[in-house]
Amino acid sequence: MLTNPTPTTNVTGWTDNSGSGSSISYSSTGGGSIYLNGSTAYANATQALTTVVGQWYVFSVATAAQTFSSNHEIVLVAGTSAPSGQTLNATAQMTVRPEKTDFTPNYISEEFPAVLQFQATATTTYFSVHSGYPVYVKNMSVRECVPAVSYTHLRAHETLRYLVWRLLLEKK
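Predicted model, so just to flag it, every value in this text is computed and none were measured.

### Looking at the overall build of the protein
Turning to step 1, where the next piece is worked out: What the protein contains, in helices and strands, is two helices and ten strands.
Turning to step 2, where the next piece is worked out: When its helices and strands are written in sequence order, the protein yields β-β-β-β-β-β-β-β-β-β-α-α.
Turning to step 3, where the next piece is worked out: Here the protein holds 172 residues, and the buried ones make up 41% of them.
Turning to step 4, where the next piece is worked out: Partitioning the contacts of the protein with sequence separation of at least 6, the portion at a separation of at least 24 is 72%.
Turning to step 5, where the next piece is worked out: For the protein, the computed accessible surface area is about 9400 Å², with 53% contributed by carbon and sulfur atoms.

Now the structure itself:
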C-alpha cells in the first residue's frame, strides 16, 4: 500500500513534514532507507493512503541508528491529518525505544521493529514516522488486519452445541 516502502533511489511518495532545521532524505544504508534527520527538531516522513472507515490496519517499520541514547525513540502515527513538527494529529500512535543502547558509535545497529495497530476513522489516513533523533527507517508496510480478541470474548459467542461438545471433551 505504501509508495516506495523500501526506498531504492529516493523518497518518492513520502512528504517531509519536519520541524524547522530537520528533514528527511534518501540513504543507501541497508539497501535503501529514509533518513530522518531530527537533530534540531522533529523529523516526519508522511504518506496519505486511502483507507476504509472501521477497517483495522497494521503499520510497521524497521529502524536503525548510528548511536542510541536511553531516550532515543521513534513514533509511528496514524491520523486524519499530516503531522507538523512536534504536533502529531494522531488517531493512534506508538512510541518505540530500542532495548539495547550500548551500540558502538558510528556503527549501524541491528534493526529494531515498530508496529502500530489501529482502526481507520476516515477514508484518508496519514501514516507517519516521527523522530527527534537521527534515524534510518526502512521496510515500511501497511496491511489490513483482523484485531486480536481474547479467549473470554470468543467464549461469549459460543453456541450451546459447542459448549456441550467442549464440556464433554474436558471430562475425558
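More follows now that the structure is in view.
### Section: the pairing of strand β4 (residues 43-50)
Turning to step 1, where the next piece is worked out: Of all the eight residues making up β4, six are buried; the element is thus mostly covered by neighbouring parts of the structure.
Turning to step 2, where the next piece is worked out: When strand β1 (residues 15-16) meets β4, the two strands line up antiparallel, connected through two bridges. Residue pairing in the sheet places D16 in a bridge with A45 of β4.
Turning to step 3, where the next piece is worked out: Here β4 pairs with strand β9 (residues 124-131) via eight bridges, running antiparallel. Looking across to β9, one finds that A48 is bridged to Y126.

### Some points on empty space enclosed by the protein
Turning to step 1, where the next piece is worked out: Under the criterion given, the structure shown has one cavity of 30 Å³ or more.
Turning to step 2, where the next piece is worked out: Counted as a void, the largest cavity has a volume near 30 Å³.
Turning to step 3, where the next piece is worked out: Along the walls of the largest cavity sit G79, T80, T91, F118, Q119, A120, T121, A122 and T125, which together make up its complete lining.
Turning to step 4, where the next piece is worked out: Its residues placed into classes, the lining of the largest cavity shows three nonpolar, six polar and no charged.

### Description of a nonpolar patch on the surface
Turning to step 1, where the next piece is worked out: On the surface, a nonpolar cluster with roughly 300 Å² of combined accessible area is contributed by L160, V164 and L168.
Turning to step 2, where the next piece is worked out: Mapped onto the elements of the fold, V164 is located in helix α2 (residues 160-171).

### Overview of the confidence of the model for the protein
Detailed reading of the predicted model is not advised wherever pLDDT is low.
Turning to step 1, where the next piece is worked out: In this model, the protein carries a mean pLDDT of 79, and residues with pLDDT of at least 70 account for 85%.
Turning to step 2, where the next piece is worked out: Mean pLDDT per element in the protein: helix α1 (residues 151-156) is the minimum at 75, and β1 is the maximum at 91.
Turning to step 3, where the next piece is worked out: In the model, residues 103-108 has pLDDT below 50 throughout and makes 15 contacts with residues more than four positions away in sequence or in other chains.

### Concerning the pairing of strand β10 (residues 135-145)
Turning to step 1, where the next piece is worked out: Burial runs high along β10: eight of the eleven residues are buried.
Turning to step 2, where the next piece is worked out: Pairing geometry for strand β3 (residues 33-37) and β10, over three bridges, is antiparallel. Bridging from a neighbouring strand, Y35 pairs with Y136 of β10.
Turning to step 3, where the next piece is worked out: Bridging between strand β5 (residues 56-64) and β10 involves eight bridges; their strand directions are antiparallel. Residue pairing across strands places V58 opposite R143, the latter belonging to β10.

### Regarding the sheet that holds β1
Turning to step 1, where the next piece is worked out: Spatial strand order, β1-β4-β9-β6-β7: five strands in an open sheet with antiparallel pairing. If you trace the sheet from one side to the other, it starts and ends with β1 and β7 (92-96), each paired once.

Quick notes on the rules
Residues numbered from 1 in each chain as written. Predicted model: local features only at pLDDT ≥ 70, side-chain atom pairs only at ≥ 80, totals over all residues. Heavy atoms only, no water. Helix = DSSP H or I, 4+ residues; strand = E, 2+ residues; numbered from the N terminus. Buried < 20%, exposed > 50% of the residue type's maximum accessible area, 1.4 Å probe, protein only. Contact = heavy atoms within 4.5 Å. Areas by Shrake-Rupley, 256 points an atom, 1.4 Å probe, with all protein chains shown as cover. Pairing = 2+ DSSP bridges. 1 Å grid on protein atoms, 1.4 Å probe; cavity = no way out; pocket = protein on both sides within 12 Å on 5 of 7 lines; lining within 4 Å. Points joined across faces, edges and corners; volume = space filled by probe spheres on them. Nonpolar A, V, L, I, M, F, W, Y, C, P; charged D, E, K, R; others polar. Patch = residues over 30% accessible without salt bridge, like charges linked within 9 Å, V, L, I, M, F, W, Y side chains within 5 Å. Salt bridge = Lys/Arg side-chain N within 4 Å of Asp/Glu carboxyl O. pLDDT = per-residue confidence, 0-100.

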